[in-house]
Amino acid sequence: MPGDFATEILGQSATKSSVEALRSELGLDKHPIPRYFEWLSNVFQGDFGSSFSGRSKVQGDQGDRSRLVVELIIPRLKNTLFLTGVSALVAIPLALLLGISAALYRNSVYDRSATGFSLVTVSSPEFFTGYIFILLLATLFPVFPTIANVNEDTSLIDRFYLTALPVFTLTLVTMGHMMRMTRSAIINILSSEYIEMAKLSGATRYEVIVKHALPNAWAPIAQVITINLAYMLIGSVVVEFVFNYQGIGRLMVGSVYNRDIPVVQACALIFASTYVILNLLADLIGIISNPRLLYPK
Amino acid sequence: MSENTQSYSAKGEVSNITKRRTRFERIKIAFSKAPLSAWFGMIVLSIYLIAAFFAPFIAPHGEAEVFPVAYAPWGGEHLLGTDQIGRDILSRLIFASRNTLGICFLACTIALFIGTIFGIIAAIDRSYIDQILSRSIDTLMAIPVMIFTFILLSVFGPSNLNLILILGVLESTRFFRISRSVAVGQVVLEYVEVAKLRGEKLSYIIFREILPNIASPLIVEFGVRFIFIIFTVSSLSFLGLGIQPPAADWAAMVRENAILIQYAQYDITAGLTPLIPAAIIALLALAINFVIDWYLYITSGLKDDIK
Amino acid sequence: MTSNNKKELLLEMKNIHIDGFSDERWHKILKGVDLNLYRGEILGLIGESGAGKSTMGKAAMGYTQPGCKIIKGEILFNGTDLAKLTEFEKRKIWGTKISYVAQSAAASFNPAHRLMDQTISAANRAKINPTEVLRKDAVQLYESLQLPDAENIGERYPHQVSGGQLQRIMTAMAMSPRPELIIFDEPTTALDVTTQVEVLSAMRSIVDKFNTAAIYITHDLAVVAQMADRIKVLRYGEEVEESETREMLSNPKEEYTKSLWSVRSLIKPEETNEDYMLSIKNIDAAYGSSKVLHNVSVNIPRGKTVAIVGESGSGKSTTARVITGLLPQTKGEIIFDGKKLSPKLEQRSKEELRRIQIIFQMPDTAMNPKQTVDEIIGRPIEFYHGVKGKEREAKVIELLKMIELDESFLDRLPSELSGGQKQRICIARALAANPDLIICDEVTSALDQIVQEGILKLLQKLQKDLGVTYIFITHDIATVKAISDEIVVMYQGEVVEQGLKSKILNPPHPDYTELLLSSVPEMDPDWLTNLLNKRSS
């Protein structure tokens, strides 16, 4: 996709001089690196700059319509948080339940079907699952809408209805990963020597699980959850595109098409920093939960 | 049960040891006991590989050959219809295997080489080289691959070469981490020290001592990352930044034909058309997962084989 | 030890057959073993690794490890056949009437629970007494076991307490419900000799005090002599012999039993000379910022064997690492055959590296699991002497013969060899370089007794034939007696004393040597009692 923003806005008929003029106003003529640092320092002051696209030509003269990137992002961010938040609330308990019970009844029919199910979901990319839902639940049997048209004024009930399909998709995809990781973490704990010792000391099955295994399990599980929240965040980009859901991911993709660079940069920054924070959190949990560090010698 | 200690011999020493089966025998046994899922996985994978290698001979039409009717229904000349420009969908599906598998395999292999070599070096030299490498890799790993690739491609342009190089470098971090952690487990064992004490060169220690002992987990990681790279490339293509037209790509085909879904009530095949390339990706991932699981089972089980 | 009046039969195991599943096959682990245990007596169960003693011990409580199955036999505990009970019924007995003390206390405690909670958990669950009573009782048990700060140690977590202390707390845990039978599964194997003494005495005193019956499983003959009233010997899943301790020690009946006992009778006549193969002078060494060797000086006479003795943390292995160049010293010098050696491995010449070889303790990890015997022994031949092909193979076979094996071993992988065979291959690998000095770092410590004897004899023969000099690092005094000319005693990174074997082993001793030598269990059932009396006076 060659060509830059200035040329794009002014259209094919732009003359060289007007392109130059627009370029210098937008700062596109400055060398990229100092531009980047300038942008970064502005970001830390809360100023994400102005969207390029707000300047698009309009019929009639309505003055300078450039919008602040921040104004553009905040509603989208709220939408994405809603989507991922609801998906997380559904996916996490389900995945933990499935994962833990599969580990407890290892190699049973239940375990094998649960594992098989998670294998299938893990192998299905978001656009596959998403379109299947659309086909089944929106087109053939119109239960839910195909496009999740959410805006500022949508009521909460309507929100749930409109975002049902994207939530299903995101949930299904993440659940598979979470279930597998949880299952293997629990199996790992159950094969520890101190679990055998507990059995030899007469502990009942219930005690072994609740009193002995679980206290050692919450840490790896917390890590699994945090890591999968990070995956979910990335997965939401595709899901938003499939359902045309007005979230940050959709915005970022759309802005690349329009070559609206400040917006792209801002979105990318938000994704990246959230991802980094979540991973940092997972590492931190791993460190804190180690009893050797909690209670030093 | 008495044995005269005077006639004690080292040769006849205790061993509940079964005679080692030759490699050929072991492979034969492994295959004969492979579960249905493993067979499914291997057969499916072979089909994809054949499609990738022999695409020009198998596909009924050309990859970019345009026909007069766009969105043609299934049947006749075009078993799966035509797409939005009028290209034969079936042929494009077959050619897409070549593009996707090729690019992803190259990227994964580059990642494997870079990551493993550096990982082993970091494991052997645990002082400042390890620190520098590990810190920089940690920083690189903190950035989500898809977002980063997305940005880089929008800046540098979405060419196949860029795709391979960017993903190759970003994914090498995963290989670094796993090869380093497994290698560290080997490096502390005395046989590596024995080699060092002999005065062996670094390359000997890496390739003849350590590598054979870390091969198994690396193979598994290759499979896992391969799937991840396929998904990343597909998501990027789906969003428009991956493999560029006129080259065929499964995920791009999903997006191109997504509009057909709404006609499912009238013609179910129309609704299915965009789902087929997506299902192809899912099937591939499933097949690879089955093979990986089976390989994991064998390599852990084999430890009991030779006691 | 309790006297043996007419006693009640507590445990009667008849004709026990247990199989284990591995390598897609069922293997026989126990092939028809009987066991009788009377109330209040301690039975020692000894045998080498693979004899089936741990399986037998666990079977005594009716437990089989995953992958094992009881094929035949009765396990009559107080008249009830445990083999026929359900898991649920067995669990009521476990932890209350029968307790188990595992080999590795560190791995057997739950890292997330406090020690006191774990100590009283079994008794608490069975509601033997109210919790408060159990807690007070636990503190008293801790005191009898001579744990430091008995009042508060229960509030700690497992990782905050040392290995020896954990083992004792585990014993307290086993005692808390006042069981009728305790099974001790190799409880002191992982401990230092000096710690072991304390733990042994604690265990014995508590078992005596409460008149509990016990099965004591170990491979260490001298230890079992201290603890048991009767001893049963197992080999390859079958019983070899059983009799009362004193009887068995003075008059073993079977050949195999005799051989176990006789291992400790090897003695080497000492010799020495002033011609030093290796001299290290005033060596300091450190790992990072913590200093581990302080002013260590040792002289190794040519063609002789110097044993470096000490416990874990003494610095003996570190000294070996300094000599080989793996850990460069921070101060001091190494003189090999008259010439100074560079502290760093990388700066030494190939010749210098060739002439000093080292053999490690664990043959499992000292060889590349993916290389055949031919490759393992052949590589140094090729590397140092430039010999390849048929000539190399001939030399490998020659070395195999020297270590009392033959060419049928060429194609084998390390996993297909027994422990003793593996160690011999490591010896051959060291010999392949044709060295002047071989450092043996605890090379027999991981082997069974009979196998140890074989290796030590081999090493002596090689010294006689080839004139190699040995530095023999070990913590086992019996080995030292068997193989050394001179002895160096180390403690916490310093040399306590060095000199001729006879001088070191005979009094007078510096304090630490006294402690070390006296802590080594001897084949005298009264040894422990006498030692404790001597120390407390």
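Rules behind the numbers
- Residues numbered from 1 in each chain as written.
- Chains lettered and ligands numbered in written order.
- Predicted model: local features only at pLDDT ≥ 70, side-chain atom pairs only at ≥ 80, totals over all residues.
- Heavy atoms only, no water.
- Phe/Tyr/Trp six-rings, centres within 6.5 Å; stacked < 30°, edge-to-face > 60°.
- Helix = DSSP H or I, 4+ residues; strand = E, 2+ residues; numbered from the N terminus.
- Buried < 20%, exposed > 50% of the residue type's maximum accessible area, 1.4 Å probe, protein only.
- Lys NZ or Arg CZ within 6 Å of the ring centre and 35° of its normal.
- Expected span 1.5 Å × (residues − 1).
- Contact = heavy atoms within 4.5 Å.
- Polar contact = N/O pair within 3.5 Å; in protein donor to acceptor, adjacent residues only side chain to side chain.
- Nonpolar A, V, L, I, M, F, W, Y, C, P; charged D, E, K, R; others polar.
- Salt bridge = Lys/Arg side-chain N within 4 Å of Asp/Glu carboxyl O.
- pLDDT = per-residue confidence, 0-100.
- Domains from an automatic or database assignment.
- Buried area = accessible area lost by both parts, 1.4 Å probe.
- Pairing = 2+ DSSP bridges.
- 1 Å grid on protein atoms, 1.4 Å probe; cavity = no way out; pocket = protein on both sides within 12 Å on 5 of 7 lines; lining within 4 Å.
- Points joined across faces, edges and corners; volume = space filled by probe spheres on them.
- Axes fitted to C-alpha atoms, helices over the stretch in contact; angles between N-to-C directions.
- Parallel < 35°, antiparallel > 145°, perpendicular 65-115°, else oblique.
- Left-handed = near helix turned anticlockwise from the far one by under 90°.
- Patch = residues over 30% accessible without salt bridge, like charges linked within 9 Å, V, L, I, M, F, W, Y side chains within 5 Å.
- Areas by Shrake-Rupley, 256 points an atom, 1.4 Å probe, with all protein chains shown as cover.

> Explanation requested: the packing of aromatic side chains in the structure shown.
Here a ring pair, both rings aromatic, is described through the centre-centre distance and the interplanar angle of the planes. Applying the stated rule across the entire model yields 16 aromatic pairs over all chains. With a centroid separation of 6.2 Å and 65° between ring planes, the pair formed by A:Tyr131 and B:Phe238 is classed as edge-to-face. Here A:Tyr131, found in helix 6 (residues 126-140), pairs with B:Phe238, found in helix 8 (residues 202-239), and the two come from separate chains. Ring geometry for B:Phe175 against B:Phe222: centres 6.5 Å apart, planes inclined by 45°, an arrangement best described as tilted. Here B:Phe175, found in helix 6 (residues 160-187), pairs with B:Phe222, found in helix 8; they are 47 residues apart in sequence, far enough to count as distant. For the pair shown, B:Phe175 and B:Phe222 are each scored as buried. Through a chain of ring-to-ring contacts, three or more aromatic side chains come together here, namely A:Phe127, A:Tyr131, A:Phe241 and B:Phe238. Stacked on the ring of C:Trp26, the Lys or Arg C:Lys69 has its end atom at 4.4 Å from the ring centre. It is C:Lys350 that lies over the ring of C:Phe383; its NZ or CZ is 4.2 Å from the centre.

> Which parts of the structure should I look at to understand helix 17 (residues 449-466) of chain C?
Each α-helix turn comprises 3.6 residues. Residues three or four places apart therefore point the same way. With 18 residues, helix 17 of chain C extends 26 Å between its outermost C-alpha atoms, agreeing within 8% with the 26 Å of an ideal straight helix rising 1.5 Å per residue. Those residues of helix 17 of chain C lying buried are C:Gln449, C:Ile450, C:Val451, C:Gln452, C:Glu453, C:Gly454, C:Ile455, C:Leu456, C:Leu458, C:Leu459, C:Leu462 and C:Gln463.

> Would you mind going over the interface of chain A and chain C with me for this structure?
By a frequent convention, interface size equals the accessible area lost on bringing the separate parts together. Taken residue by residue, the interface counts 21 residues in chain A and 25 residues in chain C. Viewed at the interface, chain C and chain A are joined by eight residue pairs in polar contact (both at pLDDT 80 or more). Elements represented by at least two residues in the side of chain A that touches chain C include exactly helix 9 (193-200), helix 10 (205-213) and helix 14 (291-294) of chain A. Counting residues per element, the side of chain A that touches chain C draws most heavily on helix 9 of chain A, at six residues. Split by residue class, the side of chain A that touches chain C holds eight nonpolar, five polar and eight charged.

> Explain the pattern of salt bridges here, please?
Any two side chains of opposite charge can pair, given that their charged atoms come close. Residues and elements named next belong to chain C. Under the defined criterion, the tally for this structure stands at 42 salt bridges over all chains. Residue lysine 53 pairs with glutamate 186 through a salt bridge whose shortest N-O separation is 3.9 Å. Pair noted here: lysine 53 is in helix 1 (residues 53-59) and glutamate 186 is in the loop between strand 7 (181-185) and helix 7 (193-210), with a separation of 133 residues, a long-range link. Residue classification places glutamate 186 among the buried positions, given a relative accessible area of 11%. The salt bridge involving arginine 424 is made with glutamate 404; its shortest N-O contact spans 2.8 Å.

> Sorry, what's going on with the confidence of the model for chain B here?
Any residue range with low pLDDT should be treated as having predicted coordinates unsuitable for detailed reading. All names here are of chain B. Chain-level statistics for chain B give a pLDDT mean of 83 and a share of 90% at 70 or above. Within chain B, helix 3 (residues 89-124) carries the highest mean pLDDT (92), whereas helix 1 (residues 23-32) carries the lowest (74). In this model, residues 302-307 is a region of pLDDT below 50 whose contacts with residues beyond four sequence positions or in other chains number 14 contacts.

> Hey, could you run me through the domain arrangement of chain C in this one?
All names here are of chain C. Splitting chain C by domain gives domain 1 (41-63 + 85-259) and domain 2 (276-369 + 420-506). Placing the centre of domain 1 and that of domain 2 at their C-alpha centroids yields a distance of 36 Å. Contacts between domain 1 and domain 2 engage nine residues on the former and five residues on the latter. Both faces combined, the contact of domain 1 with domain 2 buries some 660 Å², and carbon together with sulfur accounts for 40% of it. On the domain 1 side of the contact with domain 2, Glu48, Asp192 and Ser259 bury the most area, a combined 52% of that side's loss. Our count for the contact surface shared by domain 1 and domain 2 stands at zero residue pairs in polar contact (both at pLDDT 80 or more). Listing elements by their share of the side of domain 1 that touches domain 2, those giving two or more residues are helix 7 and helix 10 (255-262).

> Hey, could you run me through the pairing of strand 13 (residues 305-309) of chain C in this one?
All names here are of chain C. Here strand 13 lies mainly inside the structure; five of its five residues are buried. Burial along strand 13 is two-sided: Thr305, Ala307 and Val309 facing one way and Val306 and Ile308 facing the other are all buried. Sheet topology note: the strand 13/strand 18 (residues 469-474) ladder contains five bridges and is parallel. For alanine 307, the partnering residue across the bridge sits in strand 18 and is phenylalanine 472. The sheet contact formed by strand 13 and strand 19 (residues 486-491) spans four bridges and is parallel. Pairing of isoleucine 308 across the sheet is with valine 488, part of strand 19.

> Would you mind going over empty space enclosed by the protein with me for this structure?
Empty pockets left among the atoms are what a rolling probe the size of a water molecule brings to light. Following the criterion strictly, the structure yields 11 cavities of 30 Å³ or more and no others. What the largest cavity holds in volume is close to 210 Å³. Contributing to the lining of the largest cavity are 17 residues, with B:Val194, B:Leu197, C:Ile356, C:Gln357 and C:Ile358 lying nearest its centre. Within the residue set of the lining of the largest cavity, elements represented by two or more residues are helix 7 (190-198) of chain B together with helix 12 (350-355), strand 16 (356-359), helix 14 (373-385) and helix 16 (419-432) of chain C. It is strand 16 of chain C that contributes the most residues to the lining of the largest cavity, four residues altogether. For the lining of the largest cavity, a count of residues per class yields 11 nonpolar, two polar and four charged.

> I keep staring at the sheet that holds strand 15 (residues 339-341) of chain C and nothing clicks. Help me out?
Adjacent strands of a sheet form backbone hydrogen bonds with each other and so pair up, either parallel or antiparallel. All names here are of chain C. Here four strands make up an open sheet; going across it, the order is 12-11-14-15 and the pairing antiparallel. This sheet does not close on itself; its edge strands, each paired only once, are strand 12 (290-301) and strand 15. Pairs of neighbouring strands in the sheet enclose a mean axial angle of 25°, with direction left out of account. Sheet topology places strand 14 (residues 331-336) next to strand 15; three bridges connect them, and they run antiparallel.

> Which parts of the structure should I look at to understand the environment of C:Lys58?
Examined against the element boundaries, C:Lys58 turns out to sit in helix 1. Separated by 358 residues in sequence, C:Lys58 and C:Glu416 place their C-alpha atoms 28 Å apart. In this structure, C:Lys58 is in contact with A:Glu196, C:Tyr63, C:Gln65, C:Tyr100 and C:Asp185, ignoring residues within four places of it in sequence.

> Sorry, what's going on with the side chain of C:Thr257 here?
Residue and element names in this part refer to chain C. Checked against the element boundaries, threonine 257 lands in helix 10. The exposure class of threonine 257 is buried, given its relative accessible area of 0%. Non-local contacts of threonine 257, meaning those with residues more than four positions away in its chain, are made with Val233, Val240, Glu241, Met248 and Pro252.

> So what exactly am I meant to see when it comes to the environment of C:Trp94 here?
Structurally, C:Trp94 can be placed in the loop between helix 2 (87-93) and strand 6 (98-101). Look at C:Trp94 and you get buried, because its relative accessible area is 2%. Note: C-alpha distance between C:Trp94 and C:Leu134 (40 residues apart in sequence) is 18 Å. If we ignore the near neighbours within four places in the chain, the residues touching C:Trp94 are A:Lys199, A:Leu200, A:Ser201, A:Gly202, C:Met61, C:Gly62, C:Tyr63 and C:Glu87. At 2.7 Å, the side chain of C:Trp94 and the backbone oxygen of C:Met61 are in polar contact.

> Got a minute to help me understand the packing of helix 5 (residues 109-123) of chain A against helix 8 (residues 164-190) of chain A in this structure?
Pairs of packed helices are described in terms of their axes, by the angle between the two and the distance that separates them. All names here are of chain A. Axis separation between helix 5 and helix 8 bottoms out at 8 Å; the angle between their running directions is 135°. Judged by the inter-axis angle, helix 5 sits oblique to helix 8. For the pair helix 5 and helix 8, the sense of crossing is left-handed. Contact residues: helix 5 offers Asp111, Ala114, Thr115, Phe117, Ser118, Leu119, Thr121 and Val122, while helix 8 offers Leu172, Met175, Gly176, His177, Met179, Arg180 and Arg183. Residue classes in the contact of helix 5 with helix 8 are distributed as seven nonpolar, five polar and three charged.

> Looking at this model, I keep getting lost on the sheet that holds strand 5 (residues 80-81) of chain C. Mind explaining?
All names here are of chain C. Strand order in the open sheet formed by four strands is 2-1-4-5, with antiparallel pairing between adjacent strands. Looking at the sheet topology across the chains shown, the edges are occupied by strand 2 (25-38) and strand 5. One ladder, built from two bridges, connects strand 4 (residues 68-77) with strand 5; its direction is antiparallel. Considered in strand 5, the bridge of phenylalanine 77 is made with threonine 80.

> What am I meant to see in the environment of A:Val276 here?
Relative to the helices and strands, A:Val276 is located in helix 13 (residues 261-288). Along the chain, A:Val276 and A:Ala230 lie 46 residues apart, while their C-alpha atoms are 8.4 Å from each other.

> Would you take a moment to explain a nonpolar patch on the surface for this structure?
Where nonpolar side chains cluster on the molecular surface, the patch consists of B:Leu49, B:Ile50, B:Phe53, B:Phe54, B:Phe57 and B:Ile58 and spans about 670 Å² of accessible area. Structurally, B:Phe54 is set in helix 2 (residues 36-58).

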